[in-house]
Amino acid sequence: MMESREAPPDTPVPFGGTVTIFFSDIRGFTDYTEQFGDEAAYRILREHNAIVRKEIEAFGGVVVKTQGDSFMVAFKTARGAIQCAIAIQRAITESDENQAGPRIAIGIGINTGEPIQEGGDYFGSMVNLTARICASAGPGQILVAETTRHVAGRIEAVEYVDRGLHELKGFPEAKRLCEVIWRPPDAGAQAGGEAAAAKGEEEAAALTAAVQRALAVLNRVIALTHLDDPAFGPLIECQAKAGEFRLLLSRTLTERRGTSAKQVQEAILPFESLLALVTERDKLDEERWAQLDAGVARAFGRPLVTAVARGRLSAGAPVKPEPAPAAKKPEPAPALAPPRASAVQTQLAPLPPDPRVAGVRWWAGAYAAWSQWKPSGLGWAHALRGELAKHPYLLSVHVRASVDYDDGQLAGGYFLLVEHIENQSPRFTRTVVDRAVDAAGGALEPRVLGPKLYELLVDGGRLRATYPAFVRDIVGTAIPNPGVWADGGVVEHEDATVVVTRPTPAIGETQERAERLTEPKDRAAERHFDVTLQPLTTRFFYVKPGELKTPRDLEIRLAADGQPSDRAWYITLRTSLLVRSEPKLLPTTGVSLPGLGREHAGAWVALFNPEPDEIVTYELTVTVRQPRAPMPAASPFARR
């Protein structure tokens with residue numbers, strides 16, 4: 001463990017001269033390790049390190065430190081840092097072209113300034129900014145700060161593209177970043193030839209065709225659904241990768257940098273294989289199944305393939321079954337054949353919105369959005385993420401109060417709750433209005449009909465018993481991306497603990513109030529968050545590591561109206577934001593999570609109130625401490 005050394009008050013801060021700092025990082029390395037194993041990841045890491053170190057040495061860079069698949073390098077000139085970054089990206093691209101298996105891609109961030117220098121290390125805001133720039137760089141991308149762009153000046157065969165202002169974590173003001181676009185030195189000479197121009201046009205056409213085909217495949221993958229579990233984790237992870245790939249391909253069509261049609265075809269292959277398994281499951285022979293099975297399992301994990309084999313994934317495209325000839329007896333369906341999508345969709349097709357409940361605005365808005373989404377083919381997980389991206393505080397607002405937010409648009413977000421109720425009680429939505437009108441004695445006034453409709457949702461829709469499961473599905477799908485609105489949290493840094501709260505109790509409050517604690521006794525003390533939950537609502541809190549070198553121990557407890565409670569889900573994030581644990585119910589005794597900043601990159605807690613009519617006050621206790629030192633083992637030779 002590194003010791004922190006504080007300079008005496010009279011000692012001047014050791015600012016060094018102007019230096020250019022370079023950060024690089026392999027994109028998706030954690031996911032790659034989990035999918036292909038430690039040996040394959042170690043091989044990739046060795047190849048990456050050899051390439052990077054060779055180019056750093058060639059351009060006069062000095063490696064300051066390394067951590068896993070990341071490099072921090074110092075250069076005397078901005079021009080040298082940019083040229084080194086280009087050489088690394090070129091060498092990695094050439095290395096990838098000679099490999100048949102998965103490729104590696106790195107992001108690079110560069111910044112120029114006068115950091116604090118102590119020995120051979122560098123500190124300060126300038127270094128932190130460089131790390132954030134690197135984190136913003138995509139696979140194969142080089143991003144530089146404005147200062148680096150101006151200091152380096154014009155470089156032959158290099159183009160700077162302004163990528164606009166970026167909101168970077170830890171910096172109150174947005175920073176303008178430029179992307180370094182490079183091309184081979186002989187590109188200018190070749191561009192003049194007619195043959196090269198024709199070849200370039202052919203390659204561009206082939207790339208466009210490959211991207212369009214890939215986008216069609218990704219859209220179908222995103223529309224896949226699990227027949228039993230709308231929050232099936234392996235499918236959600238696969239669809240998240242499909243969404244990221246779709247975004248990358250959309251950029252490829254406009255930027256056309258460093259991507260070939262062959263690379264797109266190879267990258268889309270696992271998604272095509274998954275679609276083939278789902279849509280042609282009963283037609284594939286054993287040999288073809290084995291080929292597709294191996295590719296999908298390697299890319300997305302064995303549980304997803306198992307779900308396909310059991311017929312639990314549906315492509316969602318209704319296909320009318322051909323009527324069986326009268327003279328022939330229909331062949332028996334295989335034991336694991338899924339139900340026909342067309343029959344299920346026809347049977348459960350949403351009815352048009354009922355005008356009798358148009359005045360009950362919260363129900364009318366939720367049902368209208370649900371009836372539009374249901375036949376769209378858009379996966380539940382992606383619909384959920386899209387809705388929370390617009391309304392991150394959706395679950396914190398009671399369904400009957402949802403019309404009071406966002407000009408009534410928040411009510412539409414509760415189509416998620418309608419879908420949950422329909423899954424618990426099939427065909428419930430087809431009869432609920434008739435039953436509500438009967439319960440109201442035929443009255444259609446919203447003030448009479450609305451409460452009756454709500455009672456039916458709670459009792460007939462089984463919300464009283466299943467609301468915790470509804471929250472679990474959303475927590476497992478929306479955290480960390482696109483995320484949810486939180487009442488507060490704790491951010492643990494190496495030198496301080498920051499407690500984040502909202503200045504007002506208003507739901508959806510965008511302002512934050514941050515209290516910075518630096519005294520050890522204050523930092524190790526328990527943090528108490530008090531919050532009052534309306535019926536059938538959920539509130540969120542988080543704990544995140546900031547600039548943290550030493551891992552911390554995290555403890556979480558919950559009390560409801562003064563008594564220990566388990567009405568909360570908690571979820572931990574790994575170092576890759578796409579990888580997280582499954583939601584777990586918080587024990588009444590609380591939970592201890594060691595290794596904050598090392599084993600996991602934060603935790604989220606979702607407090608839920610499953611009572612349909614009662615308001616509950618919770619107290620969430622969060623404690624972040626230095627890990628306890630292990631007790632030394634007793635010597636067998638010590639005197640008793």
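Residues numbered from 1 in each chain as written. Predicted model: local features only at pLDDT ≥ 70, side-chain atom pairs only at ≥ 80, totals over all residues. Heavy atoms only, no water.

Asks: Whenever I open this one, the overall build of the protein confuses me. Can you help?
Replies: When you go through the protein residue by residue, the secondary structure sums to 19 helices and 23 strands. In the protein, which comprises 640 residues, the proportion classed as buried is 46%. If you take every contact in the protein between residues at least 6 apart in sequence, the share linking residues at least 24 apart comes to 71%. Here the protein displays about 33500 Å² of accessible surface, and carbon together with sulfur accounts for 52% of that area. (Helix = DSSP H or I, 4+ residues; strand = E, 2+ residues; numbered from the N terminus. Buried < 20%, exposed > 50% of the residue type's maximum accessible area, 1.4 Å probe, protein only. Contact = heavy atoms within 4.5 Å. Areas by Shrake-Rupley, 256 points an atom, 1.4 Å probe, with all protein chains shown as cover.)

Asks: Sorry if this is basic, but what is going on with the packing of aromatic side chains here?
Replies: For any pair of aromatic rings, geometry is given as the distance between the ring centres together with the angle between the planes. As enumerated under the stated definition, the model contains 13 aromatic pairs in all. On the numbers, 5.2 Å between centres and 45° between planes, the contact of phenylalanine 529 with phenylalanine 541 is tilted. Pair noted here: phenylalanine 529 is in strand S15 (residues 527–533) and phenylalanine 541 is in strand S16 (residues 537–545), with a separation of 12 residues, a long-range link. This pair shows no difference in class: phenylalanine 529 is buried, exactly as phenylalanine 541 is. Aromatic rings pair up to connect Trp362, Trp363, Tyr367, Trp370 and Tyr454 into one cluster. If you follow arginine 400 out to its NZ or CZ, it ends over the ring of tyrosine 454, 5.3 Å from the centre. (Phe/Tyr/Trp six-rings, centres within 6.5 Å; stacked < 30°, edge-to-face > 60°. Lys NZ or Arg CZ within 6 Å of the ring centre and 35° of its normal.)

Asks: Please clarify how the sheet that holds strand S19 (residues 568–572) should be interpreted in this entry.
Replies: In a beta sheet, neighbouring strands are held together by backbone hydrogen bonds and run either parallel or antiparallel to one another. Pairing is mixed across the open sheet formed by seven strands, whose spatial order is S14-S13-S12-S16-S22-S19-S20. Strand pairing shows two members of the sheet lacking a second neighbour, strand S14 (513–517) and strand S20 (584–585), which therefore form its edges. As judged from the five bridges shared by strand S12 (residues 488–492) and strand S13 (residues 497–501), these two strands associate in the antiparallel manner. Residue pairing for S13: valine 490 is matched across the bridge by valine 499. Each of S16, S19 and strand S22 (603–609) touches helix H18 (residues 463–478); the most contacted strand, S22, lies at about 155° to it. (Pairing = 2+ DSSP bridges. Axes fitted to C-alpha atoms, helices over the stretch in contact; angles between N-to-C directions.)

Asks: Quick question: what am I supposed to make of H18 here?
Replies: Since one α-helical turn is 3.6 residues long, residues separated by three or four positions face the same way. For H18, the buried fraction is high: 12 of the 16 residues fall into the buried class. By the burial criterion, the buried members of H18 are Leu463, Thr466, Tyr467, Pro468, Phe470, Val471, Asp473, Ile474, Val475, Gly476, Thr477 and Ala478.

Asks: I'm lost on a negative patch on the surface in this one. Help?
Replies: A grouping of Glu455, Asp561, Asp613 and Glu614 is seen on the molecular surface, where their side chains present a negatively charged patch. Along the chain, the position of glutamate 455 falls in helix H17 (residues 446–459). (Patch = residues over 30% accessible without salt bridge, like charges linked within 9 Å, V, L, I, M, F, W, Y side chains within 5 Å. Salt bridge = Lys/Arg side-chain N within 4 Å of Asp/Glu carboxyl O. Lys, Arg positive; Asp, Glu negative; His and termini not counted. Charge placed at Lys NZ, Arg CZ, Asp CG, Glu CD.)

Asks: Sorry if this is basic, but what is going on with the pairing of strand S1 (residues 19–26) here?
Replies: A regular strand places its side chains so that they alternate between the two faces of the sheet. Burial of S1 is extensive: seven of the eight residues sit out of reach of the surface. As paired elements, S1 and strand S4 (residues 106–113) share eight bridges and run antiparallel to each other. Bridging from a neighbouring strand, phenylalanine 23 pairs with glycine 109 of S4. Alignment of S1 against strand S3 (residues 70–75), held across six bridges, turns out to be antiparallel. Within S3, the residue paired with threonine 20 across the bridge is phenylalanine 75.

Asks: Please explain the sheet that holds strand S7 (residues 142–145) as it appears in this structure.
Replies: The seven strands lie next to each other as S2-S3-S1-S4-S7-S9-S8, forming an open sheet whose pairing is mixed. Of all the strands in the sheet, the pair left with one neighbour each is strand S2 (62–67) and strand S8 (158–166). Each neighbouring strand pair of the sheet contributes to a mean axis angle of 20°, computed without reference to strand direction. Contacting S1, S3, S4, S7 and strand S9 (175–182), helix H3 (residues 125–136) runs over the sheet at an angle of about 155° to S4.

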